[in-house]
Amino acid sequence: MRSVVIQLLMSFVGTFSFSVLFNVRGKKLLLAGIGGVASWGLFLLLESWLPSAPLRYFWCSSFVAVYAEILARILKTPATTFLIPCMLPLIPGSALYNTMRYALDKQWRHCLSQALYTLSLSLSLALGIIAVLSVFGVVIQILGRIWYYNRQKKAKEKEHTP
Amino acid sequence: MDFSRVLSCALDIGEQMLVSGAEIYRVEDCIRRICFAYGASHVDVFTITSSIVVTVQQPDGQRLTQTRRIESYKTNLDRVDLLNELSREICRRHMSYAEFLEKYQGILNKKPYPQWVETIGYAMAASGFTMFFGGTWRDGLVALVIGAVVKGVVWLVDAVNFNRVLSNLIAAFAMSILAILAGRCGLADKVDMLVMGSIMLVIPGAALTNSLRDMISGDTMAGLLRFSEACILALAIAAGYLLASACLGGAAV
């Protein structure tokens, strides 16, 4: 339990300070940090249901993408502002490190499988983002059409009522 | 207004966005919109990580091409935000070239965080991720120092204009040496976590994710280029770490 609290706290500290390095400003800094905590919190929460890490990565990165898109619409800023910082806790740094360790110990078989594992994690990250961005685009289009249709309908009704 | 000026102002915005970390799609879309807003009848944009090419058909039917070579990158999300805003404003209302230039220069001249804030950022990020990966609070304290030192190394390497591969190698080397020495002196408990947390500072994770994103959304060329760049940087980091542990006698701990 204590380690969970530390992980969540530190994912906030890490994401927040990294956002400073990316020159994120004002309240966006705070929102980026919260997004980082939320992404890692979700990762820990899903652990008992989804034992496969790449699959969890997929869902967490989808969540981050939704979070970034919604905030981007509200604050009128590119989604990238939140997408890049909030992804940070999910970046497979430990997997990459393990790959290097195995290479150092000349355990090439382990090294190769760790490298592939790192790659699969990054791929799931990217797939999560892509899935959400595509769906989001379609939803926005549909909403736009509904809005347009309603406006036309109202205009017609106005014409009919003298 | 002269159309070649419109084109160069669109390219200026696109170039700066690409340098500051915007995705390929946004850069191309932005350039296209600005050109259309000033009355171009046809626009072709092609962007990869190191170059932008735009051909525009002017209202009178003449064609115009300009290219830009992109040399270096520096993630600056605030700048992406402001330039995006500026491009939207250009599309909404026609802006004179003088007015555009003034606003554009204003954005470029906007100061980033001062150096000491960035140093604290480096230190806190290294410390945060060290403890995030399971390091103890003592490791966190050592990571604070390592982060600050890495900032110094990065600043120095930037000042003498090293290429990115070499600068990543040097940064990874410096932080690994410090982490392993801290472990030897008994200052740090878990050297593994310390190295992991510090490495997060230079890991090209954002570039890797961005590249896969570019590839899947159709910009295969740019994505592949960015992907291989990220892989080379990751290899440089690994080389720096391996070099450091070899210098200190082979064993990592």
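Here the structure is a predicted model, which is why all the values come from computation and not from measurement.

Participant: Help me understand the packing of helix H3 (residues 77-92) of chain B against helix H4 (residues 97-109) of chain B, please; the structure alone is not making it clear to me.
Facilitator: Two quantities define a packed helix pair, namely the angle between the axes and the distance from one axis to the other. All names here are of chain B. As a packed pair, H3 and H4 sit with axes 10 Å apart at the nearest point and diverge in direction by 170°. Viewed along their axes, H3 and H4 adopt a mutual orientation that is roughly antiparallel. In this structure, H3 contributes Arg 79, Leu 82, Leu 83, Leu 86, Glu 89 and Ile 90 to the contact, and H4 contributes Phe 100, Lys 103, Tyr 104, Ile 107 and Leu 108. Tallied by class, residues from the contact of H3 with H4 come to eight nonpolar, no polar and three charged.

Participant: What is the right way to look at the interface of chain A and chain B in this model?
Facilitator: Reports of interface size often rely on the accessible area that becomes lost once the parts have come together. The interface of chain A with chain B comprises 47 residues on the first partner and 51 residues on the second. Summed over both sides, the interface of chain A with chain B buries roughly 4,300 Å², with 74% coming from carbon and sulfur. Of all residues in chain A, the largest losses of buried area upon contact with chain B belong to A:Leu21, A:Tyr97 and A:Met100, amounting jointly to 15% of the total for that side. At the surface where chain A touches chain B, the tally comes to two salt bridges. Ionic pairing is found between B:Asp81 and A:Lys28, a salt bridge with its closest N-O pair at 2.4 Å. Sorting the residues of the side of chain A that touches chain B by element identifies helix H1 (2-21), helix H2 (27-45), helix H4 (80-87), helix H5 (93-104) and helix H6 (108-160) of chain A as the ones contributing at least two each. With eleven residues, H1(A) is the largest single contributor of residues to the side of chain A that touches chain B. Tallied by class, residues from the side of chain A that touches chain B come to 30 nonpolar, 13 polar and four charged.

The rules behind each value
- Residues numbered from 1 in each chain as written.
- Chains lettered and ligands numbered in written order.
- Predicted model: local features only at pLDDT ≥ 70, side-chain atom pairs only at ≥ 80, totals over all residues.
- Heavy atoms only, no water.
- Axes fitted to C-alpha atoms, helices over the stretch in contact; angles between N-to-C directions.
- Helix = DSSP H or I, 4+ residues; strand = E, 2+ residues; numbered from the N terminus.
- Parallel < 35°, antiparallel > 145°, perpendicular 65-115°, else oblique.
- Contact = heavy atoms within 4.5 Å.
- Nonpolar A, V, L, I, M, F, W, Y, C, P; charged D, E, K, R; others polar.
- Buried area = accessible area lost by both parts, 1.4 Å probe.
- Salt bridge = Lys/Arg side-chain N within 4 Å of Asp/Glu carboxyl O.

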